[in-house]
Amino acid sequence: MGAGGAVVLLLFLALEACLFLAGIASGIVWMVTRRRGQPEAWRWLTIGFLGVAIALPAGLFVYGSFVDDPDVLELDLRGARSTSQLPGEEGEGGFWDVDSDRVDLRLPDGRRLRSRVDGTLLTVDGTHVETLTVRGPAERPKAAAERTRRWAHAVRVPVRGIDERPRSRDWKLETNTGDMRVEPSVQAVDGGRLAIARLELTFDGA
C-alpha cells in the first residue's frame, strides 16, 4: 500500500471512529431523555449514526466485490499477441514493466494461467509481445520453489531438481512446448535466506 492509500485508510478509520462515538454519545442522551419522558429524537439520531457506521464499510465491500481489480493484467497471447492489450506505455529498450497484483493469461495453446504475482515484465518488438516474465515476492526459498512449481504445473512443464538444489543457489529449467519456450526458475537473494520465483515465456516466432 502506498502513502496515499495509507492516508485514505487512516481517514476512513477516523470517520468510522467518529460515527461510532457520536452514536454512543447520542445513545446515552437518548436514554437520559427517555426517562424524563421527552421526545425520542435522540433515538433516531443514534440509529442514524450507528447505521451509517455499519453500512459504510459494508457498502464499500459490496462495491469492491462487483468492480474489476485494476491491478489484474489480462492478456490473450494467442495469435498476434498485440501490444495494444498492454496498459501504460513501452519503456526504454523494448521493455514493458507492469506493476500488476494478478495475471490472467490466455496462453498460445489455449490454457489459462491465473495467479497472484509481484510484477510482470514483457519485451516487445514495437507491435507484438515477444517474452513475458512473471515474478513472485522475495520469500522463503521453500515458498518460492513451491510457487515456481505451481506456475510450471499450470503450463504443464516439469520442474526436475527443484527440491534437490541447495537453497542458497539459483535454479532454472528450460522446456520447449512447441508453442513457446518456458523457463521456470528460482533466484536466490539475500545470501540465500530469501528467493524469488520466476516464470519466463518466450513465444514461437517472436
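Residues numbered from 1 in each chain as written. Predicted model: local features only at pLDDT ≥ 70, side-chain atom pairs only at ≥ 80, totals over all residues. Heavy atoms only, no water.

**Some remarks on the overall build of the protein chain**
Part 1 of the argument: In terms of regular secondary structure, the protein chain is built from 3 helices and 10 strands.
Part 2 of the argument: The buried share among the 206 residues of the protein chain stands at 33%.
Part 3 of the argument: Taking the intrachain contacts of the protein chain between residues at least 6 apart in sequence as the baseline, contacts between residues at least 24 apart amount to 53%.
Part 4 of the argument: Carbon together with sulfur atoms contributes 57% to the accessible area of the protein chain, which is approximately 12,500 Å² in total. (Helix = DSSP H or I, 4+ residues; strand = E, 2+ residues; numbered from the N terminus. Buried < 20%, exposed > 50% of the residue type's maximum accessible area, 1.4 Å probe, protein only. Contact = heavy atoms within 4.5 Å. Areas by Shrake-Rupley, 256 points an atom, 1.4 Å probe, with all protein chains shown as cover.)

**Thoughts on the environment of Ala145**
Part 1 of the argument: By the secondary structure assignment, Ala145 is in helix H3 (residues 141-154).
Part 2 of the argument: Using a relative accessible area of 6% as the deciding quantity, one classes Ala145 as buried.
Part 3 of the argument: Residues Ala145 and Ser185, spaced 40 residues apart in sequence, show a C-alpha to C-alpha distance of 8.3 Å.
Part 4 of the argument: Setting aside chain neighbours within four positions, we find Ala145 in contact with Ile162, Arg165 and Val186.

**Re the sheet that holds strand S1 (residues 72-76)**
Part 1 of the argument: Taken together, 3 strands build an open sheet; the order of strands is S1-S3-S4 and the sheet is mixed. Each edge of the open sheet is held by one strand with a lone partner, namely S1 and strand S4 (112-116). Each neighbouring strand pair of the sheet contributes to a mean axis angle of 5 degrees, computed without reference to strand direction.
Part 2 of the argument: Relative to strand S3 (residues 102-106), S1 is paired through 5 bridges, and the arrangement is parallel. Directly across from Glu74, in S3, lies its bridge partner Asp104. (Pairing = 2+ DSSP bridges. Axes fitted to C-alpha atoms, helices over the stretch in contact; angles between N-to-C directions.)

**Quick word on a negative patch on the surface**
Part 1 of the argument: Taken together, Asp71, Asp99, Asp101 and Asp118 make up a surface patch of like negative charges.
Part 2 of the argument: Tracing the chain through its elements places Asp101 in the loop between strand S2 (95-98) and S3. (Patch = residues over 30% accessible without salt bridge, like charges linked within 9 Å, V, L, I, M, F, W, Y side chains within 5 Å. Salt bridge = Lys/Arg side-chain N within 4 Å of Asp/Glu carboxyl O. Lys, Arg positive; Asp, Glu negative; His and termini not counted. Charge placed at Lys NZ, Arg CZ, Asp CG, Glu CD.)

**As for unusual backbone geometry**
Part 1 of the argument: At Arg156, a position not held by glycine, the phi torsion is positive, near 60 degrees.
Part 2 of the argument: With respect to the element layout, Arg156 can be found in the loop between H3 and strand S7 (171-172).
Part 3 of the argument: Positioned with a positive phi, Asp190 is a non-glycine residue whose angle comes to about 55 degrees.
Part 4 of the argument: Note on placement: Asp190 falls in the loop between strand S9 (180-189) and strand S10 (194-203).

**Digging into the side chain of Glu183**
Part 1 of the argument: Within the secondary structure layout, Glu183 lies in strand S9.
Part 2 of the argument: No salt bridge is formed by the buried Glu183; the nearest opposite charge belongs to Lys172, separated by 4.3 Å.

**A look at a nonpolar patch on the surface**
Part 1 of the argument: A surface patch of nonpolar side chains, about 370 Å² in accessible area, is lined by Leu21, Ile24, Ile28 and Val32.
Part 2 of the argument: Within the secondary structure, Val32 sits in helix H1 (residues 3-35).

**With respect to the pairing of S10**
Part 1 of the argument: Here S10 lies mainly inside the structure; 7 of its 10 residues are buried.
Part 2 of the argument: Strand direction decides the pairing type here: strand S6 (residues 129-135) and S10, joined by 5 bridges, are antiparallel. Looking at the pairing, Val134 lines up with Leu199 of S10.
Part 3 of the argument: Summarising the sheet, S9 and S10 pair through 10 bridges and their orientation is antiparallel. Its bridge partner being in S10, Met180 is matched across the sheet by Phe203.
Part 4 of the argument: The hairpin formed by S9 and S10 contains 4 residues between the paired strands, and Asp190 there has a positive phi angle of roughly 55 degrees.

These figures come from the coordinates and say nothing about function on their own.
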